[in-house]
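Here is how the chains run, residue by residue.
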Amino acid sequence: MGGSTKQRARAALAILAMVIVTTQAAAAPGMAKGSPGNVPLHIASESAVYHPETGNVDFTLQFDRRPNFRTVDKYGRKADSFQYYIVGDDTLEYPQIYDAIIRGDEINLRTHLLPIRNSWPSDPDPAAGGWGSIRAIVPYHLRGRVLTLSPPLTAVSDHSTDGIFTYIVGTYRFGSTVDEIVNESVIAS
């Protein structure tokens with residue numbers, strides 16, 4: 001697989017997007033036109049900042065509107081969701097290219113906890129969505145349109161020792177891709 005890390009990550013994301021789109025319906029049956037579930041959730045801004053003094057990565061994801069993580073369609077897909085794909089070894093094939101997956105489909109609004117999963121091998125638990133076993137469970141904060149979480153670097157990456165890693169973050173509406181951004185973490189100054 002040639003090209004830069006970001007090019008390979010984009011190629012892997014394109015494959016993932018095709019899998020998502022071809023395996024899930026594009027619209028949620030039974031949702032009223034104009035309901036919050038029919039307004040796509042976009043990323044207004046995002047960042048991943050590594051803090052060497054704590055060993056944690058501060059993920060901040062600001063949406064263009066307040067997300068609806070409660071409503072689900074008859075297939076159990078959330079009206080709004082997000083997903084982080086942490087690129088580990090970009091020479092590997094999909095899904096092994098990813099060290100970790102952070103899925104908004106698993107956000108727990110009652111406990112304010114969010115699992116971080118391995119990308120493979122697939123966990124038989126239906127909550128895994130076809131991804132791997134849980135590698136960590138971390139608290140998150142959701143205030144209006146802003147979601148934050150601060151997991152240890154070791155919970156999101158097996159390959160980064162300096163806090164720099166490539167990641168892909170996307171938003172979804174009832175399982176269909178809305179936004180996708182490829183970015184790289186930065187070191188706190």
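Predicted model only: the values in this text are computed from it and were never measured.

Let us look at the pairing of strand E5 (residues 113-118). If a strand is regular, its side chains alternate between the two faces of the sheet. Bridging between strand E4 (residues 98-103) and E5 involves 3 bridges; their strand directions are antiparallel. Counted as the bridge partner of isoleucine 101 is arginine 117 from E5. In this structure, E5 lies alongside strand E6 (residues 134-143), joined through 5 bridges in antiparallel fashion. Bridging from a neighbouring strand, proline 115 pairs with isoleucine 137 of E6.

Moving on to the pairing of strand E7 (residues 146-149). Side-chain alternation along E7 places Leu147 and Leu149 on a buried face and Val146 and Thr148 on a face that remains uncovered. Across 4 bridges, strand E2 (residues 56-63) lies against E7 in antiparallel orientation. Within E7, the residue paired with phenylalanine 59 across the bridge is leucine 149. Sheet analysis places E6 next to E7, joined by 4 bridges and oriented antiparallel. When the sheet's bridge partners are listed, histidine 141 is paired in E7 with threonine 148.

Now for the confidence of the model for the protein chain. Looking at the protein chain as a whole, the pLDDT averages 87, with 80% of positions reaching at least 70. Every residue in residues 14-35 is under pLDDT 50, and counting partners more than four places away or in other chains gives 28 contacts.

Here we take up the pattern of salt bridges. Going through the model one piece at a time under the given rule, you end up with 7 salt bridges. Across the pair glutamate 106 and arginine 103 runs a salt bridge whose closest N-O atoms are separated by 3.1 Å. Relative accessible area serves as the criterion here: at 14%, glutamate 106 is assigned to the buried category. Arginine 103 gets classed as buried once you look at its relative accessible area, which sits at 7%. Between arginine 117 and aspartate 123 there is a salt bridge, with the nearest N and O atoms lying 3.7 Å from each other. Each member of the pair, arginine 117 together with aspartate 123, is buried.

Structurally, serine 160 can be placed in the loop between helix H2 (153-156) and strand E8 (166-173). Among the residues examined, serine 160 registers a relative accessible area of 11% and is labelled buried. Within the structure, serine 160 has its side chain in polar contact with the backbone nitrogen of glycine 163 (distance 3.0 Å). Among residues more than four places away in sequence, those in contact with serine 160 are Leu153 and Phe165.

What counts as what
- Residues numbered from 1 in each chain as written.
- Predicted model: local features only at pLDDT ≥ 70, side-chain atom pairs only at ≥ 80, totals over all residues.
- Heavy atoms only, no water.
- Pairing = 2+ DSSP bridges.
- Helix = DSSP H or I, 4+ residues; strand = E, 2+ residues; numbered from the N terminus.
- Buried < 20%, exposed > 50% of the residue type's maximum accessible area, 1.4 Å probe, protein only.
- pLDDT = per-residue confidence, 0-100.
- Contact = heavy atoms within 4.5 Å.
- Salt bridge = Lys/Arg side-chain N within 4 Å of Asp/Glu carboxyl O.
- Polar contact = N/O pair within 3.5 Å; in protein donor to acceptor, adjacent residues only side chain to side chain.

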